[in-house]
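What follows is each chain in one-letter form.
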Amino acid sequence: IKKKLKLPILAKDFFIDPYQVSYSKSFGCDCVLIILAALSEKQADEIFDWLNESDPYFLVFLKFVSYGFLRPIEVCRLKVGDINFDEKTLTVRAKNKALKTKTIPNLLLAEIEFLRKEKKEHWIFTPEGVGSSDTTEKNRRDYFSKQFLKVKKKLNLEVNYTMYSFRHTFTTKV
């Protein structure tokens, strides 16, 4: 690939051994992405358990981030009509292109069955819950960011851990 495209090659993987860095280099990679803010399975379970008790709505939000491999802002843009339950897909207004379609993992699909009864034009995530809202996209994002800060404080997560980090942490649950 590198010889034909003459572009830098990034190795994006879960690196658990220093050998993987030199192994990536042997395949022509110019750099590697190392995720430093990963949680142990025990920590991930603690977060899930605590949120299941204290804020199940925010837990569903985090599951969209982690199981759907979505950015938090992309989750804030979701409407009920973006879900195709029959095809198990989700249409997302993404950062880098107008729309993208993602397969909804069965684990997440079971969690969102309740949305079938909602109006298609309703936002899935607002500070008030599922429904219509005058809240801007930025305000919805800020609300869920504040929810995450509460989780971070309550569970003593390290300072570099972000909501986006859940994409990497909870892949073990899928």
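The structure under discussion appears in the preceding block.
Residues numbered from 1 in each chain as written. Predicted model: local features only at pLDDT ≥ 70, side-chain atom pairs only at ≥ 80, totals over all residues. Heavy atoms only, no water.

Before going further, it helps to examine the sheet that holds strand β4 (residues 89–92). Pairing is antiparallel in the open sheet, where three strands are placed in the order β3-β4-β5. Here the strands that pair on one side only, and so sit at the sheet edges, are β3 (83–84) and β5 (100–103). As paired strands, β3 and β4 are joined by two bridges and run antiparallel to one another. By the bridge assignment for β4, Asn84 is matched with Thr89. (Pairing = 2+ DSSP bridges. Helix = DSSP H or I, 4+ residues; strand = E, 2+ residues; numbered from the N terminus.)

This paragraph deals with helix α7 (residues 137–154). For α7, with 18 residues, the first-to-last C-alpha span of 26 Å sits near the 26 Å given by 1.5 Å per residue. Inspection of α7 places Arg140, Phe144, Gln147, Phe148, Val151 and Lys152 among the buried residues, and these make up the whole buried set. Taken end-on, α7 shows its buried residues confined to a sector of 145 degrees, consistent with a single buried face. What points out from α7, more than 90 degrees from its buried face, is the exposed set Lys138, Lys146, Leu149, Lys150 and Lys153. Directly after α7, the chain includes Asn156, whose backbone phi takes a positive value near 55 degrees. (Expected span 1.5 Å × (residues − 1). Buried < 20%, exposed > 50% of the residue type's maximum accessible area, 1.4 Å probe, protein only. Arc of directions from axis to C-beta.)

Under the definition given, this model contains nine aromatic pairs. Ring geometry for Tyr57 against Phe144: centres 6.1 Å apart, planes inclined by 50 degrees, an arrangement best described as tilted. Residue Tyr57 is located in helix α4 (residues 56–67), and its partner Phe144 is located in helix α7; the two are separated by 87 residues in the primary sequence. Among the aromatic residues, those joined into a ring-pair cluster are Tyr57, Phe58, Phe61, Phe64, Phe125, Tyr143 and Phe144. (Phe/Tyr/Trp six-rings, centres within 6.5 Å; stacked < 30°, edge-to-face > 60°.)

At a minimum axis separation of 6 Å, helix α3 (residues 41–54) and α4 run at an interaxial angle of 140 degrees. Considering their axes alone, α3 and α4 lie oblique with respect to each other. Contacts between α3 and α4 involve Phe48, Leu51, Asn52 and Ser54 on the former and, on the latter, Pro56, Phe58, Leu59, Leu62, Lys63 and Tyr67. (Axes fitted to C-alpha atoms, helices over the stretch in contact; angles between N-to-C directions. Parallel < 35°, antiparallel > 145°, perpendicular 65-115°, else oblique. Contact = heavy atoms within 4.5 Å.)

Our focus in this paragraph is the packing of α4 against α7. Where α4 contacts α7, the axes come no closer than 11 Å and their chain directions differ by 105 degrees. Regarding the angle of α4 to α7, the classification is roughly perpendicular. Touching Tyr57, Phe58 and Phe61 of α4 are Phe144, Gln147, Phe148 and Val151, all from α7. Each residue belonging to the contact of α4 with α7 can be placed in one class, and the counts come to six nonpolar, one polar and no charged. (Nonpolar A, V, L, I, M, F, W, Y, C, P; charged D, E, K, R; others polar.)

Attention now goes to the pairing of β4. Along a regular strand, successive side chains alternate from one face of the sheet to the other. Hairpin geometry of β3 and β4 is characterised by an intervening segment of four residues between the two adjacent antiparallel strands and by a positive phi of about 60 degrees at Lys88. Of the pairings in the sheet, the one linking β4 to β5 comprises four bridges and is antiparallel in character. Residue pairing in the sheet places Thr91 in a bridge with Thr101 of β5.

Considering all chains together, one arrives at seven salt bridges under this definition. A salt bridge links Arg93 to Asp82; the shortest N-O distance between them is 2.9 Å. A residue pair is termed long-range when its members are at least 10 positions apart, and Arg93 in the loop between β4 and β5 and Asp82 in the loop between α5 (72–76) and β3 qualify at eleven residues. Classification of Asp82 by relative accessible area gives buried; the value is 12%. Residue Glu113 pairs with Arg116 through a salt bridge whose shortest N-O separation is 2.7 Å. Among the residues examined, Glu113 registers a relative accessible area of 35% and is labelled partly exposed. Owing to a relative accessible area of 45%, Arg116 belongs among the partly exposed residues under this scheme. It is possible to trace a salt-bridge network through shared partners that takes in Arg71, Glu74 and Lys100. (Salt bridge = Lys/Arg side-chain N within 4 Å of Asp/Glu carboxyl O.)

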